[in-house]
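One-letter residues, chain by chain:
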Number of protein chains: 2
Amino acid sequence: MDHKLMLTIPGPTPVPEPVLLAQAKHPMGHRSGEFCAIVAEINENLQWLHQTKNQVITLAASGTGAMEAGIINFLSPGDRVLVGSNGKFGERWGLVAKAFGLNVELVEAPWGQPLDPEAFGKRLRADTDKTIKAVIITHSETSTGVLNDLEGINRHVKAHGEALIIVDAVTSLGATSVPVDEWGLDVVGSGSQKGYMMPPGLAFVSVSEKAWQAYATATLPKFYLDLGKYRKALKEDSTPFTPPVNLYFALQASLQLMKKEGLDQIFARHDRLKRMTRSAMKALNLPLYAADDCASPAITAVMPQGVEAEKVRSVLKKRFDIAVAGGQDDLKGKIFRIGHLGFVSDRDALTAIAALEATLIELGAEGITPGAGVAAAAKEILAAS
Amino acid sequence: MDHKLMLTIPGPTPVPEPVLLAQAKHPMGHRSGEFCAIVAEINENLQWLHQTKNQVITLAASGTGAMEAGIINFLSPGDRVLVGSNGKFGERWGLVAKAFGLNVELVEAPWGQPLDPEAFGKRLRADTDKTIKAVIITHSETSTGVLNDLEGINRHVKAHGEALIIVDAVTSLGATSVPVDEWGLDVVGSGSQKGYMMPPGLAFVSVSEKAWQAYATATLPKFYLDLGKYRKALKEDSTPFTPPVNLYFALQASLQLMKKEGLDQIFARHDRLKRMTRSAMKALNLPLYAADDCASPAITAVMPQGVEAEKVRSVLKKRFDIAVAGGQDDLKGKIFRIGHLGFVSDRDALTAIAALEATLIELGAEGITPGAGVAAAAKEILAAS
């Protein structure tokens, strides 16, 4: 049966009908008053979502483009930066920083485990000359389903006083609270195909006053991703380069839906989806790759024993049209990743768990009590209400 | 009356219904076999459109992002480049090259006039040490409606033998023939919201084997726009970063429509639209900003006398829901620009001309013969058939 795909990957995520249809409108001129009004509304709602008074800049790019912009706009060649690395995306921001000639020190943890805030604290306290210019952290590590302790790490950055905190919030923003102003987060990057309930194609960078001060003296070369050009255009509710106007229509619609649901409700829903998924996996004797106290609200990675991860994915896809993600790099073939991010309801989580149970039975997995996963998930719904 | 907007600007351009609706489909996973099949089809059709066997890389970016990628991937700091500048976009590529520390020599012509091929020939012939690494040219200068003599300039570049030719074909590709292989164009950048009959959000860079050889030793820093990463992913019909999957759906649909129409038909249609528009303006005594022998097939700039350009735009918009573009920078308020690019038919051109006539009458413009513009355009249709 065609057109029955259920997206249960960490992005692209499902998209509500009003958002899909908003994209299908005829384009308009990006220098028109009508479009400026849309930009103005979007900017206000992006600030609401980021819980900030900072400017939030919209780029035509992927999340990687947003993070590159978040790094290169505020630093100069040779600048010393600490990069947290405990998964594919942390690793990537280290590669971006190296590609631009920064002096990169990785602060590592094994994949599947969280970064240790004290490992940052130690280096930041030792840096009495204030040579560390930025600390780059992945909040929710999509490759492993680990939520790093951004608040804890940031406390050490704030105690240092000079370094900027640059955050990859690609799969945390819109899934869990990222209170930009309360925590004093300088640069926060995100992408539209995640908590925003939108297709991919737009990326976002929130920039603090302190980061703009660093921008003034930063010398890494840039043009398309030069955020100063976007800041200047934003003052006139505009963009420096032709924006993807149809994706802006979609963004306008999705932010309206998010505001209607409300931040607290959105975060509670993601927390519930996480608990439902994790409790179900435990009830099905499927080992979770990340521990409970560092579990991402957006994605749950499962490392099955006695049944092959790729076979689970294959049956889910062929028999139930459910796409779950596989592992990346060294984790390829070892884990599968269930996305519960964005436009995902309790019903969707129950559906995925029920289909997973049927898949495990088909694959002859041992130690499975049919129905146990769905029952455990249902209990979490009750506990949360 | 709402929802009646007619886009007659040089981009975004009108979009056919099947392309609009393709965007409204549910997203799919970008690492799925289904999506790889779409990427493979798109790549084949992009090569058809570019008349090349070269790889054509798709980016989530604006046309400026494509041109930045086309410059920074093949050059190193201090490299000497010639940049043709006779309008806002030529000027912009000079700024991009300077931002990345290239040694930029502008080869200028006044706005509204074409670049002189011999001005390039002289410098290229004098460069016996082969220090010129690239010549950067805007083919159709959107700000003025001038089509530069790319073939003539490129002949000098080929005689030089070392320098790459890097072309902004943003408003020429899909409007007039840009035979990449026949002319030996090394790098060609374009954007989706132009001849592609799509909304903005995708950008394209065609790369020759000679350019890939330059890539191997080029040292300007890059990551998101590092075309080598895209080339590697293309081998598996994939992308290095999350692509805007819904815009890919649209691109798949628009390229299918373009193939159905055929390259010769597409180019003949744009030539006819250009002739219709220019003959109408002449019949209405409206001075054309660019001369006939260097007129862009995508856009016609008009410098009205005795009636204010901005008033013409304002009445066209308010009374007829027709958006035409104004002038940029020094040309602000002095010209208006009629786009006839992409999904535009003879009927659309007649409509715009008829509405312009009514607008001129309303504004009390002198020397206007009512009906003369439409009659002249109709004659061009007949002459072309």
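Residues numbered from 1 in each chain as written. Chains lettered and ligands numbered in written order. Predicted model: local features only at pLDDT ≥ 70, side-chain atom pairs only at ≥ 80, totals over all residues.

> Tell me what's going on with the overall build of chain A, and back it up with residues and numbers.
When you go through chain A residue by residue, the secondary structure sums to 14 helices and 13 strands. The C-alpha radius of gyration computed for chain A amounts to 21 Å, which stays within 12% of the reference 21 Å derived for 385 residues, consistent with globular compactness. Judged by the C-alpha coordinates and their principal axes, chain A covers about 60 × 55 × 35 Å. Counting the 385 residues in chain A, one finds 57% classified as buried. (Helix = DSSP H or I, 4+ residues; strand = E, 2+ residues; numbered from the N terminus. Rg over C-alpha atoms; globule rule 2.2 N^0.38 Å. Buried ≥ 20, exposed ≤ 12 C-beta atoms within 10 Å, placed from the backbone.)

> Provide a residue-level description of the environment of B:Lys274, including the pertinent values.
All names here are of chain B. Take lysine 274: it is sitting in helix α11 (residues 263-283). In this structure lysine 274 comes out as buried when scored by C-beta crowding, with 26 C-beta atoms within 10 Å. For the pair lysine 274 and isoleucine 299, spaced 25 residues apart in the sequence, the C-alpha separation amounts to 7.5 Å. Aside from chain neighbours lying at most four places away, what touches lysine 274 is Ala295, Pro297, Thr300 and His340. (Contact = placed C-beta atoms within 7 Å.)

> So, the sheet that holds strand β5 (residues 132-138) of chain B: which residues are in play, and what are the values?
All names here are of chain B. Overall, mixed pairing links the 7 strands, which are arranged β2-β10-β9-β8-β5-β3-β4 in an open sheet. The open sheet terminates on both sides in strands that have one partner only, identified here as β2 (55-60) and β4 (103-108). Ignoring which end each strand starts from, the neighbouring axes of this sheet average 20° apart. Here 3 bridges tie strand β8 (residues 164-168) to strand β9 (residues 187-191), and the two strands are oriented parallel to one another. Pairing of aspartate 168 across the sheet is with glycine 189, part of β9. Its contacts with the sheet put helix α3 (residues 63-72) on β2, β5, β8, β9 and β10 (202-207), and the angle it makes with β9 is roughly 165°. (Pairing = 2+ DSSP bridges. Axes fitted to C-alpha atoms, helices over the stretch in contact; angles between N-to-C directions.)

> Can you tell me about the nonpolar core, naming the residues and giving the values?
Of all hydrophobic cores here, the largest spans 172 residues; its most connected members are A:Ala97, A:Val135, A:Ile136, B:Ala97, B:Val135 and B:Ile136. In contact with B:Val135, other than residues within four places in its own chain, are B:Leu82, B:Phe120, B:Ile153, B:Val157, B:Ala163 and B:Ile165. With 43 residues, the next largest nonpolar core counts A:Leu7, A:Ala295, A:Ala309 and A:Val324 among its residues. (Core = buried A, V, L, I, M, F, W, Y, C linked by C-beta atoms within 7 Å.)

> An account of the domain arrangement of chain A is needed here, citing residue identities and associated values.
Residue and element names in this part refer to chain A. In terms of domains, chain A is made up of domain 1 (17-260) and domain 2 (262-384). With 21 residues of domain 1 at the contact, the number on the domain 2 side is 20 residues. Looking at the side of domain 1 that touches domain 2, its residues break down into 7 nonpolar, 12 polar and 2 charged. (Domains from an automatic or database assignment. Nonpolar A, V, L, I, M, F, W, Y, C, P; charged D, E, K, R; others polar.)

> Outline the relation of the copies chain B and chain A, listing residues and values.
Note on the copies: chain B fits chain A at an RMSD of 0.0 Å, the axial shift is 0.0 Å, and the rotation between them is 180°. These values place the two chain copies in the arrangement generated by a two-fold rotation axis. Taken together, the interface assignments show that 100% of the residues at the interface of chain B recur at the interface of chain A, consistent with an identical surface on both copies. (Least-squares fit on C-alpha atoms with pLDDT ≥ 70 in both.)

> I'd like to hear about the interface of chain B and chain A, residue by residue, with values.
Counting from both sides, the interface comprises 44 residues of chain B and, opposite them, 44 residues of chain A. Where the side of chain B that touches chain A is concerned, the elements lending two or more residues are α1 (17-23), α3, α4 (88-99) and α10 (245-261) of chain B. With 4 residues, the top contributor of residues to the side of chain B that touches chain A is α3(B). Here the side of chain B that touches chain A is built from residues that sort into 26 nonpolar, 16 polar and 2 charged.

> A description of the sheet that holds strand β1 (residues 6-8) of chain B should follow, citing residues and the corresponding values.
All names here are of chain B. In space, the 4 strands of this open sheet follow the order β1-β12-β13-β11, with mixed pairing throughout. The sheet is open, and its two edges are formed by β1 and β11 (299-302), each paired on a single side. The average angle at which neighbouring strand axes cross in this sheet is 35°, direction not considered. This element, helix α12 (residues 309-320), spans β12 (322-326) and β13 (336-339) of the sheet and lies at about 160° to β12.

> Can you break down the environment of B:Val83 residue by residue, with the values?
Residue and element names in this part refer to chain B. Note that valine 83 resides in strand β3 (residues 80-85). Between the alpha carbons of valine 83 and alanine 365 there is a distance of 40 Å; along the sequence they are 282 residues apart. Residues within four places of valine 83 in sequence aside, it is in contact with Gly90, Trp93, Gly94, Ala97, Val104, Leu106, Val107 and Ile136.

> Describe the packing of helix α11 (residues 263-283) of chain A against helix α13 (residues 346-362) of chain A, listing the residues and the values that go with them.
All names here are of chain A. Direction vectors running N to C along α11 and α13 enclose 15°, while the axes themselves pass 10 Å from each other. Classified by the interaxial angle, the pair formed by α11 and α13 is roughly parallel. In the packing of α11 onto α13, the handedness of the crossing is right-handed. In this structure, α11 contributes Arg272, Leu273, Met276, Thr277 and Ala280 to the contact, and α13 contributes Asp346, Ala349 and Ile353. (Parallel < 35°, antiparallel > 145°, perpendicular 65-115°, else oblique. Left-handed = near helix turned anticlockwise from the far one by under 90°.)

> Can you explain the pairing of strand β3 (residues 80-85) of chain A? Please cite residues and give values.
Residues and elements named next belong to chain A. In terms of burial, β3 is largely enclosed, as 5 of its 6 residues are buried. As paired strands, β3 and strand β5 (residues 132-138) are joined by 4 bridges and run parallel to one another. Across the sheet, leucine 82 pairs through a bridge with valine 135, a residue of β5.

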